[in-house]
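Notes for the structure review
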Amino acid sequence: MTVTVATKKAVIERDGGFCLMALPGCLGEAQTAHHRANRGSGGSTVLDDPANLCAVCVPCNGAAEDATSLLRMDLIERGLRVEKAATNAATLERSKATPVEYLDGERFYLVSATVRRHISEGRPD
Ligand SMILES: [Zn+2]
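Anyway, here's the lowdown on the structure attached to this text. Sequence order as written defines the numbering, with residues in each chain counted from 1. Per-residue local features of the predicted model are confined to residues with pLDDT of at least 70, and side-chain atom pairs are confined, for both listing and counting, to 80 or more; whole-chain, interface and lining totals are unaffected and use all residues. Only heavy atoms go into the side-chain values, all of them from the structure, while hydrogens and water stay out.

The helix count covers DSSP runs of H or I at least four residues long, the strand count covers runs of E at least two residues long, and both are numbered beginning at the N terminus. Here Thr45 is to be found in the loop between strand E1 (32-35) and strand E2 (53-56). For the pair Thr45 and Val3, spaced 42 residues apart in sequence, the C-alpha separation works out to 8.6 Å.

Quick look at the pattern of salt bridges now. Pairs can form between side chains of opposite charge whenever their charged atoms are close. For this document, the term salt bridge refers to a Lys or Arg side-chain nitrogen within 4 Å of an Asp or Glu carboxyl oxygen. Overall, the coordinates contain 6 salt bridges when judged by the stated rule. Asp74 is paired through a salt bridge with Arg78; the nearest N and O atoms lie 2.9 Å apart. Burial classification: accessible surface area is computed with a 1.4 Å probe over protein chains only, and a residue below 20% of its type maximum counts as buried, one above 50% as exposed, and the rest as partly exposed. Overall, the relative accessible area of 31% leaves Asp74 in the partly exposed class. Given the relative accessible area of 13%, Arg78 is considered buried. Residue Glu101 pairs with Arg107 through a salt bridge whose shortest N-O separation is 2.7 Å. Through salt bridges with shared partners, a single ionic network connects Glu77, Glu101 and Arg107.

To continue, consider the packing of aromatic side chains. What counts as a ring pair is set by centres within 6.5 Å for rings of Phe, Tyr and Trp (its six-membered ring), and what kind of pair is set by the plane angle: stacked under 30 degrees, edge-to-face over 60, tilted for all other angles. If you walk through the whole model with that rule in mind, you get 1 aromatic pair. For the pair Tyr102 and Phe108, a centre-to-centre distance of 5.3 Å together with 85° between the ring planes defines the contact as edge-to-face. Under the relative-accessibility criterion, Tyr102 is labelled buried at 5%. The exposure class of Phe108 is buried, given its relative accessible area of 13%. In this structure, Arg116 packs its charged tip against the face of Tyr102, placed 4.4 Å from the ring centre. Sitting over a ring, as applied to charges here, requires NZ of Lys or CZ of Arg to be within 6 Å of the ring centre and within 35 degrees of the ring normal. The ring of Phe108 has Arg116 lying over it, and the distance from NZ or CZ to the ring centre is 3.8 Å.

Here the focus is helix H1 (residues 5-14). Two residues of an α-helix separated by three or four positions point the same way, owing to the 3.6 residues in each turn. Within the span of H1, buried status applies to Val11, Ile12 and Arg14. Taken end-on, H1 shows its buried residues confined to a sector of 160°, consistent with a single buried face. Across H1 from its buried face, at more than 90 degrees, point the exposed residues Val5, Ala6, Lys9 and Glu13. Contacts were defined at the residue level, with two residues in contact if any of their heavy atoms lie within 4.5 Å. Buried residues along H1 sit in contact with E1, E2, strand E4 (107-110) and strand E5 (116-118). Along the arc lie the directions from the helix axis toward the C-beta atoms.

Next up on the list: the coordination of the zinc ion. Metal sites are built from N, O and S donor atoms within 2.8 Å, or 3.2 Å for Na, K and Ca, and they leave out water, so they may look incomplete. In this structure, Cys19 (SG), Cys26 (SG), Cys57 (SG) and Cys60 (SG) serve as the protein donors to the zinc ion, at separations of 2.3 Å. Any site counts as irregular unless it has four donors with all angles between 85 and 135 degrees, making it tetrahedral, or four or six donors with opposite ones more than 155 degrees apart and the rest between 65 and 115, making it square planar or octahedral. Around the zinc ion sit 4 donor atoms; with metal-centred angles ranging over 103 to 116°, the donor geometry is tetrahedral. When the donor residues of the zinc ion are listed from N- to C-terminus, their spacing reads C-x6-C-x30-C-x2-C. One end of the pair, Cys19, is in the loop between H1 and E1; the other, Cys60, is in helix H2 (residues 58-65), and 41 residues separate them in sequence. By relative accessible area, which is 0% here, Cys60 ends up buried.

Read these as layout, nothing more, since geometry by itself doesn't imply function.
So, in structure tokens, the structure goes:
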């Protein structure tokens, strides 16, 4: 199973419809869902969890895949990239525990395809 169209649409709506990366060449409007921790080829569907997905445009998603170390650090700092842990389940936990920075500078934990939680409310269960 991969990420369904319905899930992508929900994630884009959850994230306000805009690409969260806003890299050079960004289209502004989000079109797809980015895996914060990369699934990799043949990777586990565990990482298709909406908490590991965020709204991006296609050019930014491509740029993130080819990211230089500087860009990678920027994305990690903004919670848009999550480094892999020992297991896929641990990686997903890491994604859930890492808030995402939105374009207005506010940070939210991603809970589900429809719910995000502001960091002032504390970590979700
Ligand atoms: Zn973009």
